[in-house]
Amino acid sequence: MTNTAWTRKDLLGLEDLSREEIELILATAETFKEVSTREIKKVPALRGKTVVNLFFEPSTRTRVSFEVAAKRLSADVINIAVETSSVKKGETLIDTGTNIQALKADIIVMRHNCSGAAQVFAQHVDLSVVNAGDGWHEHPTQALLDIFTLKEKLGKIEGLNVTIVGDIAHSRVARSNIWGLSKLGAKVTVCAPKMLIPAGFEVFPAQVTHNLDEALAKADAVNVLRMQFERDGQTAFPEQMEYFRNFGITEERIAKAKKNILVMHPGPLNRGIEISSEVADGQNSVILEQVTNGIAVRMAVLFLVAQARDRKNAIANKKRPRN
Amino acid sequence: MRLLIKNGRVIDPASKTDEILDVLIDNSRIANISKDIKNGSSQIIDATGKIIIPGIVDMHVHLREPGREDKETVLTGTLAALKGGVTSVLAMANTNPAMDCPESLDILKQIIKKSAKCNVYICAAITKKRQGRELVNIARLKKSGAVALSDDGVSVDEKVLFSKAVKKAKQSGILIICHCEDLRLSGGGVMNLGAVSTRLGLKGIPRESEYKRVERDIILAKETLGSVHIAHVSCKESVDIIAQAKKKGAKVTAETAPHYFTLTEEAVSGYNTNMKMNPPLRTQADRQAIIEGLKSGVIDAIASDHAPHTVNEKDVEFDRAEFGTIGLETSLSLGITELVDKNILTWPELVKKFCLNPSKILKIDKGTLRAGADADIAIVSADKEWTVDKKALISKSKNSSFLGRKLKGIVEYTICRGEIVYKYGIHR
Ligand SMILES: [Zn+2]
Ligand SMILES: [Zn+2]
């Protein structure tokens with residue numbers, strides 16, 4: 001399997017990707033999804049390659065998903081959890097990167113609490129960098145698995161109405177979803193209290209509403225973001241109960257929406273805060289399918305970036321004089 | 001020693017001069033400016049086709065010494081200045097120790113005496129350790145040689161304290177320079193709040209944090225019948241507020257920096273930490289307002305806010321990078337490229353912003369080429385182009401917002417107190 005259409009050694013975000021590139025990842029993920037149904041859930045696509053999960057911010061789910069994906073591709077996996085406090089003391093982000101490079105790793109999967117960290121990192125190392133979430137900026141593989149799930153369930157993305165509910169201001173999941181969905185022709189609506197829609201939001205190809213019933217009326221799918229009430233001590237934050245009353249996804253609300261509306265959530269769930277248990281575990285929920293699809297999508301991403309990097313290196317070696 | 005500069009276009013707004021003339025320098029002073037000065041026993045510089053201006057007075061420079069010699073020193077900073085045609089700098093007070101007592105000023109004065117390559121004026125702090133709690137002894141610091149006061153880097157939050165500072169400064173005849181920022185509004189922000197910060201997922205600094213403080217400082221200065229100078233104006237509202245205040249006769253002056261009339265927040269895309277400064281790069285509308293403000297005279301001066309930082313402080317996550325760009329070596333070229341070449345300012349107007357006005361604001365005897373003045377001069381090839389190259393920068397730090405940018409105008413000679421201290425590419 002070769003995909004010459006994919007030339008990026010890194011996946012940093014969906015903003016820069018073309019529609020064709022996103023479709024290529026989805027198609028590749030589809031072929032990898034079958035692997036997870038086999039008795040021996042392994043293909044040798046990344047045999048001999050080393051994937052480093054470099055997490056500056058704890059996230060068991062994403063880390064495990066990438067680890068399973070890499071192992072199903074036969075890669076060796078190393079997990080490094082970096083205490084942000086120790087980074088402050090001495091070793092810089094770049095030091096960390098060049099050290100891992102010296103270990104002759106091939107791919108770094110990176111989670112960081114600062115926006116842009118993956119991009120800065122990628123500029124300083126020549127191994128592949130996969131952004132597993134940077135600050136409030138992007139979380140491309142999460143959006144890709146959301147889109148993959150939508151497409152699998154509804155057959156297409158073009159023309160769909162997708163609503164994203166929650167803390168848009170501080171959400172990398174929202175940003176990546178907006179870019180990815182809009183590039184594939186979906187109409188995105190975001191719904192949140194006024195104070196959670198950031199200034200200058202018009203740069204995003206998305207509608208804004210503060211009324212959840214309105215946002216759900218036409219929606220083919222709703223992506224419910226995790227609410228964090230403790231974020232940097234902001235005042236005037238809506239109380240949890242009030243939030244649930246106005247923006248919580250409940251059975252009553254789902255009953256008023258389209259019959260087959262899909263309910264998604266990137267996890268981990270705050271039951272009773274942004275979503276009721278009945279909805280999370282109900283018929284419309286595809287939350288567990290998202291987890292399964294996450295592995296296929298991440299296999300596709302790891303595979304594509306590794307292949308692009310190998311090709312780049314091969315070309316560079318050819319150009320080098322041989323004497 | 002006598003030095004004769006022949007046949008250059010002499011631009012000196014103080015004497016309303018703009019014509020091809022010769023300049024004779026004798027013993028560190030300008031002896032004569034006229035046509036066809038006869039060649040005595042002097043050394044000659046042929047300035048045919050070149051522009052002769054007073055040496056630039058950069059009233060906002062962080063030389064970092066004492067305390068952060070890893071970022072810049074008086075020596076490296078003043079060498080960088082000469083390359084940019086700058087012959088006088090105002091050194092900001094946020095050193096370690098801060099310039100908050102005569103003893104600290106003495107340390108800096110010793111360093112200047114030993115290693116400065118151009119004129120260095122000292123800006124002392126307004127409050128002790130720049131903590132905004134207790135005023136410095138303004139009269140004593142003035143006596144020690146400070147020409148201005150500023151807690152630059154922070155604003156004096158306490159209204160009563162700030163008013164008292166303005167009053168005392170007035171009594172001592174010393175200028176107060178305001179870094180206008182309300183930290184309660186901007187705290188934690190790393191770039192301008194708006195479309196780009198939202199797209200990049202970075203915490204924004206609202207424009208209110210600047211202009212509300214500009215407004216407050218001007219009002220307090222007016223109440224106390226004193227005057228203030230507003231540093232690094234970056235947004236439209238600040239320009240409007242200063243314009244209104246000036247119209248009503250308030251004693252306020254203002255400066256902006258080249259990055260604010262050249263760049264916008266878009267430059268931060270890609271998380272380039274050299275584009276991270278405080279105040280932050282704003283929008284195209286703000287940039288336009290700054291340009292209009294320069295044109296109309298609302299903004300009196302251009303100063304670089306030269307803010308050197310080491311690689312370790314810049315080559316990090318955007319959130320963690322220090323604020324600031326260096327500017328001494330690019331300031332004049334940016335003025336030529338962005339203002340003169342684009343017909344926003346005439347050459348004499350540009351020279352006013354760079355030389356005459358800062359001298360007037362600081363009440364120092366610089367910024368002019370009239371006979372008898374100190375022979376601080378820059379000779380410029382206005383049409384020669386160059387590209388800002390990290391390796392060619394003189395400053396100890398390389399954090400320039402303009403790396404890779406093609407600019408117009410190079411400094412051929414810098415003359416300080418009658419001596420050729422810089423000749424294109426070579427320091428003497
Ligand atoms: Zn400042
Ligand atoms: Zn400054």
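Parameters at a glance
- Residues numbered from 1 in each chain as written.
- Chains lettered and ligands numbered in written order.
- Predicted model: local features only at pLDDT ≥ 70, side-chain atom pairs only at ≥ 80, totals over all residues.
- Heavy atoms only, no water.
- Helix = DSSP H or I, 4+ residues; strand = E, 2+ residues; numbered from the N terminus.
- Rg over C-alpha atoms; globule rule 2.2 N^0.38 Å.
- Buried < 20%, exposed > 50% of the residue type's maximum accessible area, 1.4 Å probe, protein only.
- Areas by Shrake-Rupley, 256 points an atom, 1.4 Å probe, with all protein chains shown as cover.
- Lys, Arg positive; Asp, Glu negative; His and termini not counted.
- Charge placed at Lys NZ, Arg CZ, Asp CG, Glu CD.
- Contact = heavy atoms within 4.5 Å.
- Buried area = accessible area lost by both parts, 1.4 Å probe.
- Salt bridge = Lys/Arg side-chain N within 4 Å of Asp/Glu carboxyl O.
- Polar contact = N/O pair within 3.5 Å; in protein donor to acceptor, adjacent residues only side chain to side chain.
- Nonpolar A, V, L, I, M, F, W, Y, C, P; charged D, E, K, R; others polar.
- Phe/Tyr/Trp six-rings, centres within 6.5 Å; stacked < 30°, edge-to-face > 60°.
- Donors = N, O, S within 2.8 Å, 3.2 Å for Na, K, Ca; no water.
- Expected span 1.5 Å × (residues − 1).
- Tetrahedral: all angles 85-135°; square planar, octahedral: opposite > 155°, others 65-115°.
- Domains from an automatic or database assignment.
- Core = buried A, V, L, I, M, F, W, Y, C linked by side-chain atoms within 4.5 Å.
- Axes fitted to C-alpha atoms, helices over the stretch in contact; angles between N-to-C directions.
- Parallel < 35°, antiparallel > 145°, perpendicular 65-115°, else oblique.
- Left-handed = near helix turned anticlockwise from the far one by under 90°.

Overview of the overall build of chain B
At step 1: In terms of helices and strands, chain B carries 13 helices and 19 strands.
At step 2: Over its C-alpha trace chain B gives a radius of gyration of 21 Å, about what one expects of a compact globule, namely 22 Å for 428 residues.
At step 3: Taken along its principal axes, the extent of the C-alpha atoms in chain B is 65 × 45 × 45 Å.
At step 4: Relative to its full complement of 428 residues, chain B shows a buried share of 64%.
At step 5: Summed over its atoms, the accessible surface of chain B is roughly 16000 Å², and 49% of this surface lies on carbon and sulfur atoms.
At step 6: For chain B, the separation between the mean place of its 65 positive charges and that of its 53 negative charges on side chains is 3 Å.

Thoughts on the interface of chain A and chain B
At step 1: Counting from both sides, the interface comprises 27 residues of chain A and, opposite them, 16 residues of chain B.
At step 2: Both sides together, the interface formed by chain A and chain B hides about 1800 Å², and carbon and sulfur atoms give 59% of it.
At step 3: Contact with chain B buries surface across chain A, with Cys114(A), Ser115(A) and Ala199(A) losing the most and accounting together for 23% of the total.
At step 4: Applying the counting rule to chain A against chain B returns 1 salt bridge.
At step 5: Of the charged contacts in the structure, one is a salt bridge between Glu15(A) and Arg199(B), with a shortest N-O distance of 3.1 Å.
At step 6: Viewed at the interface, chain B and chain A are joined by 7 residue pairs in polar contact (both at pLDDT 80 or more).
At step 7: Ranked by residues supplied to the side of chain A that touches chain B, first place goes to helix 5 (residues 117-124) of chain A with 5 residues.
At step 8: Taken together, the residues of the side of chain A that touches chain B break down into 13 nonpolar, 10 polar and 4 charged.

Some details on the packing of aromatic side chains
All names here are of chain A.
At step 1: This structure, assessed with the given rule, holds 4 aromatic pairs over all chains.
At step 2: On the numbers, 5.1 Å between centres and 45 degrees between planes, the contact of tryptophan 179 with phenylalanine 204 is tilted. Placement of tryptophan 179 in helix 7 (residues 172-183) and of phenylalanine 204 in the loop between strand 6 (187-191) and strand 7 (207-209) is noted, with a sequence separation of 25 residues between them.
At step 3: Aromatic pair tyrosine 243 and phenylalanine 247: ring centres 5.5 Å apart, planes at 25 degrees, arrangement stacked.

Considerations on the coordination of the zinc ion (ligand 1)
Metal coordination angles have textbook ideals: 109.5 degrees for a tetrahedral set of four donors and 90 or 180 degrees for an octahedral set of six.
Residue and element names in this part refer to chain B.
At step 1: For the zinc ion (ligand 1), the protein coordination sphere consists of Asp152 (OD), His179 (ND1) and His232 (NE2), at 2.0 to 2.1 Å.
At step 2: The motif formed by the donor residues of the zinc ion (ligand 1), counted along the single chain, is D-x26-H-x52-H.
At step 3: Between the two metal centres, the zinc ion (ligand 1) and the zinc ion (ligand 2), the spacing is 3.5 Å, with aspartate 152 acting as a shared donor. Here aspartate 152 is found in the loop between strand 9 (146-149) and helix 4 (159-172), whereas its partner histidine 232 is found in the loop between strand 13 (228-230) and helix 8 (236-247), with 80 residues between them in sequence. With respect to class, aspartate 152 is no different from histidine 232; both count as buried.

Focus: helix 6 (residues 140-154) of chain A
Residues and elements named next belong to chain A.
At step 1: Compared with an ideal rise of 1.5 Å per residue, which puts 15 residues at 21 Å, helix 6 spans 21 Å between its outermost C-alpha atoms and is within 8% of the ideal.
At step 2: Of all the 15 residues making up helix 6, 11 are buried; the element is thus mostly covered by neighbouring parts of the structure.
At step 3: Every buried residue belonging to helix 6 is among Pro140, Thr141, Gln142, Ala143, Leu144, Leu145, Asp146, Ile147, Phe148, Thr149 and Leu150, and all of these are buried.

So, the coordination of the zinc ion (ligand 2)
All names here are of chain B.
At step 1: For the zinc ion (ligand 2), the protein coordination sphere consists of His60 (NE2), His62 (NE2), Asp152 (OD) and Asp305 (OD), at 2.1 to 2.3 Å.
At step 2: One can describe the site at the zinc ion (ligand 2) as irregular: its 4 donor atoms subtend angles covering 84 to 167 degrees at the metal.
At step 3: Mapped onto the sequence, the donors of the zinc ion (ligand 2) take the spacing H-x1-H-x89-D-x152-D.

Details of the domain arrangement of chain A
Residue and element names in this part refer to chain A.
At step 1: What the domain assignment reports for chain A is domain 1 (3-139 + 292-313) and domain 2 (140-290).
At step 2: Between domain 1 and domain 2, the C-alpha centre-to-centre distance is 25 Å.
At step 3: Where domain 1 meets domain 2, there are 3 salt bridges.
At step 4: The closest approach of N and O atoms between glutamate 152 and lysine 33, which form a salt bridge, is 2.6 Å.
At step 5: Applying the counting criterion to the domain 1 and domain 2 interface returns 21 residue pairs in polar contact (both at pLDDT 80 or more).
At step 6: Among the secondary structure elements, those contributing two or more residues to the side of domain 1 that touches domain 2 are helix 1 (19-33), helix 2 (60-72), strand 3 (107-112), strand 4 (128-134) and helix 12 (287-319).
At step 7: For the side of domain 1 that touches domain 2, the element with the most residues is helix 1, which contributes 8 residues.
At step 8: In terms of residue class, the side of domain 1 that touches domain 2 is built from 13 nonpolar, 10 polar and 12 charged.

A look at the nonpolar core
At step 1: With 107 residues, the main nonpolar core has Ile230(B), Trp347(B) and Leu350(B) as its most contacted residues.
At step 2: Viewed by domain, this core spans two of them, domain 1 (2-51 + 374-427) and domain 2 (55-362) of chain B, each represented by three or more residues.
At step 3: Ile230(B) has contacts with Cys178(B), Cys180(B), Val214(B), Ile218(B), Ile242(B), Val252(B), Thr253(B), Ala254(B) and Glu255(B), leaving out every residue within four places of it along the chain.
At step 4: Counting residues in hydrophobic clusters, the runner-up holds 89 residues, among them Val35(A), Phe55(A), Val165(A) and Met227(A).

A closer look at the packing of helix 7 (residues 208-223) of chain B against helix 8 of chain B
Residues and elements named next belong to chain B.
At step 1: At a minimum axis distance of 8 Å, the contact between helix 7 and helix 8 shows a crossing angle of 15 degrees. The angle between the axes of helix 7 and helix 8 places the two elements in the roughly parallel class. Where helix 7 crosses over helix 8, the handedness of that crossing is right-handed. Judged by residue contacts, Glu210, Tyr211, Val214, Glu215 and Ile218 of helix 7 engage Glu237, Ser238, Ile241, Ile242 and Ala245 from helix 8.
At step 2: Each residue belonging to the contact of helix 7 with helix 8 can be placed in one class, and the counts come to 6 nonpolar, 1 polar and 3 charged.

Details of the domain arrangement of chain B
All names here are of chain B.
At step 1: Along its sequence, chain B is organised into domain 1 (2-51 + 374-427) and domain 2 (55-362).
At step 2: Taken together, the contacts link 37 residues of domain 1 with 48 residues of domain 2.
At step 3: Carbon and sulfur atoms supply 62% of the area buried between domain 1 and domain 2, which totals about 3300 Å² over both sides.
At step 4: Broken down residue by residue, the surface that domain 1 buries against domain 2 is led by Lys396, Asn399 and Phe402, which jointly contribute 19%.

Considerations on the packing of helix 12 (residues 331-340) of chain B against helix 13 (residues 347-362) of chain B
All names here are of chain B.
At step 1: Axis separation between helix 12 and helix 13 bottoms out at 11 Å; the angle between their running directions is 140 degrees. Note on packing geometry: the crossing formed by helix 12 with helix 13 is right-handed. Taking contact as the criterion, the partners of Ser331, Leu332, Gly335, Ile336, Leu339 and Val340 in helix 12 are, on helix 13, Trp347, Leu350 and Phe354.

Some words on the pattern of salt bridges
Residues and elements named next belong to chain B.
At step 1: Tallying each qualifying case throughout the model produces 50 salt bridges over all chains.
At step 2: Among the ionic pairs, lysine 6 bridges to aspartate 22, the shortest N-O distance being 2.8 Å. Of this pair, lysine 6 sits in strand 1 (residues 2-12) while aspartate 22 sits in strand 2 (residues 17-26), and the two are 16 residues apart along the sequence.
At step 3: As a salt-bridge pair, arginine 140 and glutamate 103 come within 3.9 Å of each other at their nearest N and O atoms. Remark: glutamate 103 occurs in helix 2 (residues 102-115) and arginine 140 occurs in helix 3 (residues 138-143); sequence separation between them is 37 residues.
At step 4: Judged by its relative accessible area of 43%, arginine 140 is partly exposed.
At step 5: Here the residues in one salt-bridge network are Arg29, Lys366, Asp374 and Asp376, joined through shared partners.

Thoughts on the side chain of Asn161(A)
Residue and element names in this part refer to chain A.
At step 1: Turning to its location among the elements, asparagine 161 is positioned in strand 5 (residues 161-165).
At step 2: What makes asparagine 161 buried here is its relative accessible area of 19%.
At step 3: For asparagine 161, the side chain forms a polar contact with the main-chain oxygen of lysine 218, separated by 3.5 Å.

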